Every structure is written in structure tokens, then in C-alpha cells.
Amino acid sequence: MSSSARSRARSLIAAALSLGLLGAPAAAKAATEMPAAKAADATVLASPREPVLGSDATELQVDVLIDNRGAQPLAETTVELALDPRPIESTDDLDGVFPQHPLDLGEAQLGATAAGTEQTTTITVPRDRLPFTSDTPSGVYLLRVSVSPDLDATVPLVWQGGTWPGKGGEGRPVRLGMIVPIVLPSDIHTLPTRSQLAELQPGWSQLLDEARSAQATLAIDPRVVAGIRAYGDEAPEPTRQFLARLEASTLPNFLLQFGDADPSAQADLGFSALMQPTNLDFVTRFGTFTAETAPGDGEPAPSGSSDGASGAAVESGATAGDGPAAGAAEDGATGSEGDTGSNGDDTGAEGDEGDAAAAPSLAQLLQWDTVKPTAWPAEGSVDQATLDLLRASNIATVVLDSENVDRSSGGPRVALEQGTAVITDAMLADSARTALGAPSEVGRAAGLSRLAAQLLLAAQSGSGDLVLGLDRGAVGDTGDPALLIEQLRALDWVTPTPIAGLDEGTALLRGSDTLEERRELLRAAVGRESSVNELGAVLVNPEYLSGYQRTRLLELFATRYAAPGVDFAEVAGQYRERDAELLQGVHAITTERMQLVGASTRVPVQLHNSLPFEAVVDVQAVPSSAGLAVEEPRFAGVLVPPEGNERVLVPVHSRVSSGESGLVVTVAAASGDLTVFTGTLPISIRSGVETVALTVLGVLASLLLGFGIYRSVRRRRRSAAA
């Protein structure tokens, strides 16, 4: 099977997990004569309320969610719950055929589901209806929820009885190693603002606590470290305390590439070195620093530290090598949420530069101590080119997905021809992704039930040590990722174990690559970087734009966008739209044709700055014809606020009484090296109108004066006659 086919298959499996295992389309039975939604327009999802049913439970509760995505209502129906009384023996049976004559456990009535809506119900089964006793061995059983003959969902139920493998059985608890990512949510495209840091810190702290209890390995996005350090004394105190805890932690850890960028995608694009951030000055400008709070100098890190090489400082100004990305690494991030450009709570927060110490260098912001630099590419995407790229960046250890290798024997720690690898289990990762990131509570519970069942089946079969790598996108976006680790630690058949304590094994790399569509969209984004970077010439601080753009581009390469079910075309489209905004630079806003009714006036030229940083430009306005004369054609050093407007008044004089003309406006960098806009503002000359208007006003004034005199004379004559 080709790599692209495998990727499509994984996407389908993940979609089935998050939506429930759907049956074939069929017409839903209608309770009235009005058209009803078909089964093809609806999905059903079910899950036990708790992932494990213990021997002391008094009842079983199964939650059912019906989602009608069709244009017609789904008729009132009966939801039936059945159980296969035979325990399954392997993970392959989780998606097996349900028996024709299962044990019926109960049912519930569900009212009509309107088009475009969803509803939930719960089926409660008393303990005496279940075929389990205190002597029934622990095992995994299948539940089926049926809405119609062709619309159902299957979900595993874990029964924990009096005995189980490891407590009198043949198996033993699974020794489970975990890789726990500490990353930013997907709505932050550069670095977090201070308010975002304050919001994220409680979740990070809980995640660190649970990771320590599970003896997990931490995978840290350098943006978390640099994002806190970049504000210095201005960073929220709780986040500074969290960073101190993270630095002092004895847990094994490594840095991901900056922004969790995917090394495999960079290898597929032909990069000769991993992309690096160029600078973070666009954020450190908001911080204040003292000798006590500034990060230490640290040791210069080997190349590629921001791609999983903990402790590797990234040299400021590094490029993406001599591949297609050389000199191009910026992809227009938005100037709104999750952005540290001109918006957010950090605007205007710069400290007094005279009182503050110098801002830390990029190497200081990214400095991190580690024992073993490690890379974690997107799941199932690594090939020999990826390993070669990592080796060129002094990274010898890589985290691989189990679908990316052919396992021969032994545990998840394997030796490669050059370097070592840690193999994560793909099925566990898919279930954990659903448990963390499904859009509904029922979906998340279904993922947890499946994960618990997979681990019990592994314990029963004695399959050996396993590693679970938690999905980075799901961890970043979910509200409480620490809860999943806590729930896994509570399973009696799971023994959390440091990865270094797991068994060694053997494996061969199974070649793969980045999906072609994603690769080409990334290539296009990389190609736009130099064009956007050129516009830095109009900024007061040109380096802000290059650092901002490179940070955005690295985030676009994030592994989360390679996960199953992600519409990367939409993500890249939003990125491209922001690029288009940035490429407008500073330009004059053209309006409808202006009317020049006087011989002399000041014509307003409205400038707009599309960039998220303050610009300084020279403006030149010359007439497009001899009908106009411009007394002051050049305006030097015009400041335009970030993503704001500034008006320039150009004094003009008309040489004709009427006609059509215009102003040719040119906007250039103050250095004169770059012209960012040239356009014509049309003007209609109607200076004769002024003469006519003045004549009419003069005549009217004379008439009024004459009439007033006439009335006065008449009054006097009448008075004299009287």
C-alpha cells in the first residue's frame, strides 16, 4: 500500500472513531408523512459513561448522541442497546462483526431530531441485566447502539472483574511510556500575549504535575519557553514560576522544533538545514529586563535545536539552508488573535529603554539544557531524507509512529543504522486524539473507552511495552489534557514507566512522505517569504517583520496540520489571505473621483499601513496633467501607525477652469531603496464653478442691499407725509 493510501486510510479510521462506527445508509422510519432524513444524513455515537465498569457498579449508563446533518428531520425512533456476551481477544476484534443474536440490554425513546440539530439520550441498564458476576474475569466486550437497521455504532466496554491478567492471569500490566507535549493552542500563530500566557499557565502546571506522576517525557515547543522569557519582568508572575518549575524538572525532556514545525515536510521540500527563527524582537520590545531576570547566556546550541534539539540555541539570522526555503521563511500571520504584532494587550507596553537592561538575544531566549536532542516529526511521515536532515542538524534520536516502521521484535526503543528511535503506538495515539479532541463529550468518552480497551487487550496478550505519544494539536486545544493522563494512571493494567526503562527492540524504517497537496501549499508559502520581507524596508524597525514572518511560517509547518482529518487547504488559504494583506504594505487609499472647485486647495491623500508595525515613508504627489500644479510635491518621514491610517494634505493649484486630471502618488521607503505603491488619484477640476458662484453671490448681495435701501426710502416718505 502506498504512503498516500495509508494516510487516507488513517484519516478514515480517525473519522470513524470521532463519529462512531457508522452503518450503511438507509432510510429512517418516519413517524409522519412528511419527508424524513435518511440514515446517510445522520450519525450516531455512543459511549459508556465510565470507561471501566467495576464489579461494585450498580448499573451501566450508555450515552447516545444522534447528529442529523440532513435537510429533513429524523423521525422519532427507538434506540436499542445490545451486548456481545463473548469477550474479544485482540484489538483487531474492536472493529469486528457484531453477532446476529446479541444480548439485549435496554432501549430508549428518542423524539424527532430536527434538521441540522443533534440530541442525546442515556440508556441505563441495571446490574442484574448484565451477564457479569464478581467471578467474571476482566475483559473487553462490545456494545452496539442501533437507531435503525442501518444506523448504529459499536463501542467497547471494559469489565473489571475479580481477576485479570497480572492478578492470577497469564499476562502482566502494560508498561506504558508517555510523551507529553507542552505546546500552544492553534489560534496562536506567533508568540502568546501576556494575557494568553496567564490563561494557559494553569493548564500547563496541571499537565506538568500529571506528567511527573506518570514519569513521562516532555516535548516542549520552544515558543512556550521564549514566549515567557520575551517579556522579562512584564511576564505574569505565575508563568515565570511555571517556567522555573519546568527548568528544574528532572523529567526527561526535549525541545520540538520552533512552532512544532515538521522536519519531514522540510526534508520533502529539499531543505539542507532545518528552518530557524530569525529574531523575536517584535515581542521583546514589550518586555523589561534586569540582570536578575534576563535569561543566562547559555551555550550556543547545535544547528537544529529548535527542531527538537533541547539546549540548542538558534543563531539569529539563520536561514533555511540552500534549499527552496533559503531566504524565504515568512508567511503572513494575522494581526489579530494570538498575534504579538500591533494588537493585543501588549500594544504600547514597551518599558523605558533608558531604565531597562538590553533585551535578551535569540540564543538566550531559546537556551535549554537537555541530555539527548530529539526530533518528533509528523506521524507516519518519516523517510530516509528526514533522518538525513536531522542528522545534519546534530539530532540522532527521533520519535517514530508505529505505522512508519516494520517491527521485528522487542520493545519500543530501537537502534537505527544511524541513531536511535522511540516507537509510539499508532492505535493508542488515534484513540487518545479522540479522547482529547472530539467535539462532544460522548465522543471524548468513546475515545477513552477505546483507549482503555486497547491497553487491557495488550495486557492480556502480553504484547510488551508501549509508548503513547499524545497528539500535540489535541493537547494544545483541549481544555484539560491532564485529565486523560490521570485516567490512564488509574487503570490497574497500566504501569507508567519512563521510556528509558522500557525494553529495547528492532525495527526497520518504512518509507513515507508528506502528502503532495500539503507539500505544494507549504512550498508556495515559503516562496512568498522574501516578497513579504522586502516590505520591512518601510518600517521603523525592519527586523520586526522578518522575525514575525519566520515565526508564522514555522507555525504553518506545525505537525498538527498533518494530523488525520485536518483540512490543510483551508489553513493554508487563511495564511495566504494574510500574506496578501501584508503585501499591500503602505499604500494610498483610492476613493471616488474628487471635485476641485477652487483654484487652490489641499487635497487629502489617505495612507493605510497593512503591516502590524509602525512605518515611516516618503510620499510624493505630482500632477498627472498640466491642468494641475503641486506646490509641495514631496513629504518626507511620514509616520503611519500599525494597521492604521495617516493623512497627507497636498497643496494643489488648478491652471484651467474645468477638466480632468489627477495626482500620481508614490509611496517609498525613507531610504529610497524600495517603492511600495504608485497610483493615481483622479480629480475633476471645476474651478469655473467658483467664479460663477462668487458672481451669483455678488448679484444676490447687491439685490438684497438695493431692496433694503428701497424699503427704507419708502418708510421715510410715508413718515414725512403723515
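Residues numbered from 1 in each chain as written. Predicted model: local features only at pLDDT ≥ 70, side-chain atom pairs only at ≥ 80, totals over all residues. Heavy atoms only, no water.

(A) Highlighting the overall build of the chain. The helix and strand inventory of the chain stands at 17 helices and 28 strands. Within the chain, the proportion of its 722 residues that are buried is 53%. Within the chain, contacts between residues separated by at least 24 positions form 78% of all contacts whose residues are at least 6 apart in sequence. Summed over its atoms, the accessible surface of the chain is roughly 30500 Å², and 51% of this surface lies on carbon and sulfur atoms. (Helix = DSSP H or I, 4+ residues; strand = E, 2+ residues; numbered from the N terminus. Buried < 20%, exposed > 50% of the residue type's maximum accessible area, 1.4 Å probe, protein only. Contact = heavy atoms within 4.5 Å. Areas by Shrake-Rupley, 256 points an atom, 1.4 Å probe, with all protein chains shown as cover.)

(B) Region of interest: unusual backbone geometry. Positive phi values are uncommon outside glycine, yet Gln 215 reaches one of about 55°. Along the polypeptide, Gln 215 turns up in the loop between helix H2 (194-213) and strand S10 (217-220). On the accessibility criterion, Gln 215 (37% relative accessible area) is partly exposed. One non-glycine residue, Glu 643, adopts positive backbone phi at about 50°.

(C) Main features of the confidence of the model for the chain. Here the chain averages 83 in pLDDT, and 80% of its residues register 70 or above. The low-confidence segment residues 299-337, where pLDDT is below 50, has 165 contacts with residues more than four positions distant or belonging to other chains. Every residue in residues 347-354 is under pLDDT 50, and counting partners more than four places away or in other chains gives ten contacts. (pLDDT = per-residue confidence, 0-100.)

(D) Layout of the nonpolar core. Counting residues in each nonpolar core, the largest one holds 126 residues, and the members touching the most others are Leu 455, Phe 557 and Leu 607. Ranked by the residues each element gives to this core, the list is headed by helix H10 (residues 441-461), at nine residues. One finds Val 62, Val 147, Leu 151 and Leu 157 within the second-largest nonpolar core, a separate group that totals 33 residues. (Core = buried A, V, L, I, M, F, W, Y, C linked by side-chain atoms within 4.5 Å.)

(E) View of a positive patch on the surface. A contiguous patch of positive charge on the surface is contributed by Arg 711, Arg 714, Arg 715 and Arg 718. Within the secondary structure, Arg 711 is located in helix H17 (residues 688-721). Here Arg 711 falls in the partly exposed class, since its relative accessible area comes to 42%. (Patch = residues over 30% accessible without salt bridge, like charges linked within 9 Å, V, L, I, M, F, W, Y side chains within 5 Å. Salt bridge = Lys/Arg side-chain N within 4 Å of Asp/Glu carboxyl O. Lys, Arg positive; Asp, Glu negative; His and termini not counted. Charge placed at Lys NZ, Arg CZ, Asp CG, Glu CD.)

(F) The pairing of strand S17 (residues 466-469), seen in detail. Of the two faces of S17, both are covered, the one formed by Leu 466 and Leu 468 as well as the one formed by Val 467 and Gly 469. The pairing of strand S9 (residues 174-182) with S17 spans four bridges and is classified as parallel. Bridged to Met 178 within S17 is Leu 468. (Pairing = 2+ DSSP bridges.)

(G) Molecular detail of the sheet that holds strand S2 (residues 52-54). The five strands are arranged S2-S8-S7-S4-S5 in an open sheet whose pairing can be described as mixed. Edge strands, defined here as strands with exactly one partner in the open sheet, are S2 and strand S5 (103-110). On average, each strand axis in the sheet is inclined to that of its neighbour by 30°, with strand direction left out of account. Bridge count between strand S7 (residues 139-148) and strand S8 (residues 151-160): nine bridges; the pairing is antiparallel. Within S8, the residue paired with Ser 146 across the bridge is Asp 152. (Axes fitted to C-alpha atoms, helices over the stretch in contact; angles between N-to-C directions.)

(H) Spatial organisation of the packing of H2 against helix H4 (residues 237-248). Close contact between H2 and H4 brings their axes to 9 Å; oriented N to C, the two are set at 25°. Classified by the interaxial angle, the pair formed by H2 and H4 is roughly parallel. H2 and H4 meet at a crossing whose hand is left-handed. Taken together, the residues of H4 that come into contact with H2 (itself represented by Leu 197, Ala 198, Gln 201, Trp 204, Ser 205, Leu 208, Asp 209 and Arg 212) are Pro 238, Thr 239, Phe 242, Arg 245 and Leu 246. (Parallel < 35°, antiparallel > 145°, perpendicular 65-115°, else oblique. Left-handed = near helix turned anticlockwise from the far one by under 90°.)

(I) Up close: the sheet that holds strand S20 (residues 586-588). If you walk across this open sheet you meet the four strands as S20-S22-S26-S24, and the pairing is antiparallel. In this open sheet, the two edge strands, each paired with only one partner strand, are S20 and strand S24 (628-630). Sheet twist, expressed as the mean angle between neighbouring strand axes with direction ignored, is 40°. Taken together, the three bridges between S20 and strand S22 (residues 600-609) define a ladder with antiparallel strand orientation. By the bridge assignment for S22, His 587 is matched with His 608.

(J) Molecular detail of the packing of aromatic side chains. Inspection of the entire model under this criterion finds nine aromatic pairs. An angle of 20° between the planes, with centres 4.8 Å apart, marks the rings of Phe 132 and Trp 159 as stacked. One end of the pair, Phe 132, is in the loop between strand S6 (118-126) and S7; the other, Trp 159, is in strand S8, with 27 residues separating them in the sequence. Residue classification places Phe 132 among the buried positions, given a relative accessible area of 5%. (Phe/Tyr/Trp six-rings, centres within 6.5 Å; stacked < 30°, edge-to-face > 60°.)

(K) Spatial organisation of the side chain of Thr 136. As for its position among the elements, Thr 136 is in the loop between S6 and S7. Of note is the side chain of Thr 136, whose polar atom sits 2.9 Å from the backbone nitrogen of Thr 133. (Polar contact = N/O pair within 3.5 Å; in protein donor to acceptor, adjacent residues only side chain to side chain.)

(L) Summary view of helix H12 (residues 481-489). Turning to H12, its buried residues are Pro 481, Ala 482, Leu 484, Ile 485 and Leu 488. End-on, the buried residues of H12 take up no more than an arc of 155°, which puts them together on one face. (Arc of directions from axis to C-beta.)

(M) Expanded view of the pairing of strand S23 (residues 615-623). Note: S23 against strand S25 (residues 634-640), five bridges, orientation antiparallel. Considered in S25, the bridge of Val 617 is made with Val 638. Direction of pairing for S23 relative to strand S27 (residues 658-669): antiparallel, over a ladder of seven bridges. Each bridged residue has a counterpart across the sheet, and for Gln 620 the counterpart in S27 is Thr 666.

(N) Spatial organisation of the environment of Asp 503. For Asp 503, the position within the fold is in the loop between strand S18 (494-496) and strand S19 (504-509). Each C-alpha atom, one on Asp 503 and one on Pro 412, is 6.6 Å from the other, the two residues being 91 residues apart in sequence. When neighbours within four sequence positions are excluded, Asp 503 is seen to be in contact with Arg 175, Gly 411, Pro 412, Arg 413 and Asp 465.

(O) Focus on H4. Under the 1.5 Å per step criterion, the end-to-end length of H4 is 17 Å for twelve residues, consistent within 8% with the ideal 16 Å. Taken together, the buried positions of H4 are Thr 239, Phe 242, Leu 243 and Leu 246. The buried residues of H4 occupy an angular sector of 100° when projected down its axis, which confines them to one face. For H4, the secondary structure elements touched by its buried residues are S9, H2, S10 and helix H3 (222-229). (Expected span 1.5 Å × (residues − 1).)

(P) Expanded view of the packing of helix H13 (residues 516-527) against helix H16 (residues 568-582). Between H13 and H16, whose axes approach to 10 Å, the crossing angle comes to 10°. As judged from the angle between their axes, H13 and H16 are roughly parallel. Between H13, through Glu 517, Arg 518, Leu 521, Leu 522 and Ala 525, and H16, the contact on the second element is made entirely by Phe 568, Ala 569, Ala 572, Tyr 575 and Arg 576. Counted by class, the contact of H13 with H16 contains seven nonpolar, no polar and three charged residues. (Nonpolar A, V, L, I, M, F, W, Y, C, P; charged D, E, K, R; others polar.)

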